[in-house]
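Fold and geometry: a report
Here are the chains, one letter per residue:
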Amino acid sequence: MTYKELLESARDKIGPYCKACPVCNGRACSNQIPGPGAKGSGDVAVRNFDAWQKIRINMNTIAENKTPDTSFSFFGCQMRYPIFAGPVGAVNLHYGDQLNDISYNDILVSAAKEAGICAFTGDGTNAEVMKAATRAIEANDGVGVPTVKPWDAGTIREKFALVRASRSIAVAMDVDAAGLPFLQGLTPPAGSKTVLELRDIVQMAGKPFIVKGVMTVQGALDAKQAGASAIVVSNHGGRVLDGTPSTAEVLEDIAAAVKGDMMILVDGGIRTGLDVFRALALGADAVLIARPYVTAVYGGGKEGVALYTEKIGKELADTMKMCGVSSLKGITKSCLFQPTSKIVSF
């Protein structure tokens, strides 16, 4: 199967909202919910994608001829690439009834592990979703990251019991999901958390805790104060609030504030190995990619996940080679093109 064939297969199986576009840039589905779009105009999903494309890199082939080492260590788990499949929920609603959250995670978690990476799993109002996701992670030796929505304390406690039983590497909470329409008006309520509330949640987790949805330096510092082991710089794929900056635009400042204190992950519009390189050069340790992995699962199942992962990984290795970098640690801001006043901007 080629990537083109994967996309063609996905179009036959995926629902009416996602178009399985050759480039997943947020334009065709911008303001569709249900669907992979946004509750508003969808301008942020487009901005996420476009911002990475504006970042130029420095080619440098006067360097030692070494095979790039793309391996990444995630809380003791050795990964082939610094790439995670991002959490996605309600796939049957947004992407079509060929799959549901349970069958989707069953495929994704095991396929990601076989591909040498790790999957984040989603959460939902249906309790069976978290139960099935954590069972899938447990069946794969704990290689996976369950992502818990920002529920009330009692619900979180119930979810964390499942997380601990799964032996997962870590656990995440997508605090940016507070803006999702289906979380509004629930009893008990779900929504944003204070630093003190997050601190209690971190202690309750009993394992590395990841705060997903950080978009400001202060947010990163708050997550650090709460005791988080990692953050995901994320605006929930541009789905929850119009008018925000892209993740690429805020990543460098956030990384400068907390680099070395916690692991820094980023998502939002990352679609190629070149984008992964750009993200690492701005200070991220690894990236999450969500929508294209949905297409991969719908279009090719486990084979689709392996194909897309290998595509991204090879692109990253090729970019490293062409930029004279042999390890992930060597990907720094010096790898990015910094125009001067004497150079015409195109």
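Before reading on, note that the structure itself is shown above.
These notes cover the structure that comes with them. For every chain, the first residue of the written sequence is number 1, and numbering continues from 1 onward in sequence order. Residue-level local features of this predicted model are given only where pLDDT is at least 70; pairs of side-chain atoms are given and counted only at 80 or more, and the full residue set underlies all totals for whole chains, interfaces and linings. Side-chain metrics in this entry use all non-hydrogen atoms of the structure; hydrogen atoms and water are not considered.

Some remarks on the packing of helix 5 (residues 127-139) against helix 6 (residues 153-166)
What counts here: Orientation is described by lines fitted to C-alpha atoms, with helices fitted over the stretch in contact, and by angles between N-to-C directions that extend from 0 to 180 degrees. The secondary structure listing takes helices from DSSP runs of H or I that are at least 4 residues long and strands from runs of E that are at least 2 residues long, numbered from the N terminus. The cut-offs work like this: below 35 degrees is roughly parallel, past 145 is roughly antiparallel, 65 to 115 is roughly perpendicular, and the gaps in between are oblique. Crossings are sorted by hand: turned counterclockwise from the far helix by less than a right angle, the near helix makes the crossing left-handed, and turned clockwise it makes it right-handed. Every residue pair with non-hydrogen atoms within 4.5 Å of one another is taken to be in contact.
At a minimum axis separation of 8 Å, helix 5 and helix 6 run at an interaxial angle of 15 degrees. Taken together, the axis directions place helix 5 and helix 6 in an arrangement best described as roughly parallel. The interaxial crossing formed by helix 5 with helix 6 has right-handed handedness. Between helix 5 and helix 6, the residues in contact are Met130, Lys131, Thr134, Ile137 and Glu138 and Lys159, Leu162, Val163, Ala165 and Ser166, respectively.

Section: the pairing of strand 6 (residues 171-174)
We apply this condition: Relative accessible area decides the class of each residue, using a 1.4 Å probe on protein chains only: under 20% of the type maximum gives buried, over 50% gives exposed, and in between gives partly exposed. A strand pair is defined by DSSP finding two or more bridges across the two strands. Place the viewer so that the strands point away; then a crossover is right-handed whenever the path from the first strand over the helix to the second strand goes clockwise.
Across the two faces of strand 6 the burial is the same, with Val171 and Met173 and Ala172 and Asp174 all buried. Relative to strand 6, strand 5 (residues 145-148) runs parallel, the two sharing two bridges. Looking at the pairing, threonine 147 lines up with alanine 172 of strand 6. Viewed along the sheet, the connection from strand 5 through helix 6 into strand 6 turns out right-handed. Bridge count between strand 6 and strand 7 (residues 209-214): four bridges; the pairing is parallel. Each residue of the ladder has a partner; that of valine 171, found in strand 7, is phenylalanine 209.

Let's talk about the sheet that holds strand 6
Taking strand neighbours around the barrel as the criterion, the eight strands line up as 3-4-5-6-7-8-9-10 in a closed arrangement whose pairing is parallel. Across the sheet, the axes of successive neighbouring strands diverge by a mean angle of 25 degrees, strand direction being ignored. Looking at chain direction, strand 7 and strand 8 (residues 230-233) are connected through four bridges and run parallel. Note on strand 8: the bridge partner recorded for isoleucine 210 is alanine 230.

Concerning the packing of aromatic side chains
The test is simple: Pairing of aromatic side chains requires ring centres within 6.5 Å, counting the rings of Phe and Tyr and the six-membered ring of Trp. Pairs whose planes differ by under 30 degrees are stacked, by over 60 edge-to-face, and all others tilted.
This structure, assessed with the given rule, holds seven aromatic pairs. Pairing phenylalanine 74 with phenylalanine 84 gives two aromatic rings, centres 4.7 Å apart and planes at 70 degrees, and the pair type is edge-to-face. Of this pair, phenylalanine 74 sits in strand 1 (residues 72-74) while phenylalanine 84 sits in strand 3 (residues 83-85); the two residues are ten residues apart in sequence, bridging distant segments of the chain. An aromatic cluster is defined as three or more aromatic residues linked by ring pairs; in this entry it consists of Phe72, Phe74, Phe75, Phe84 and Phe120.

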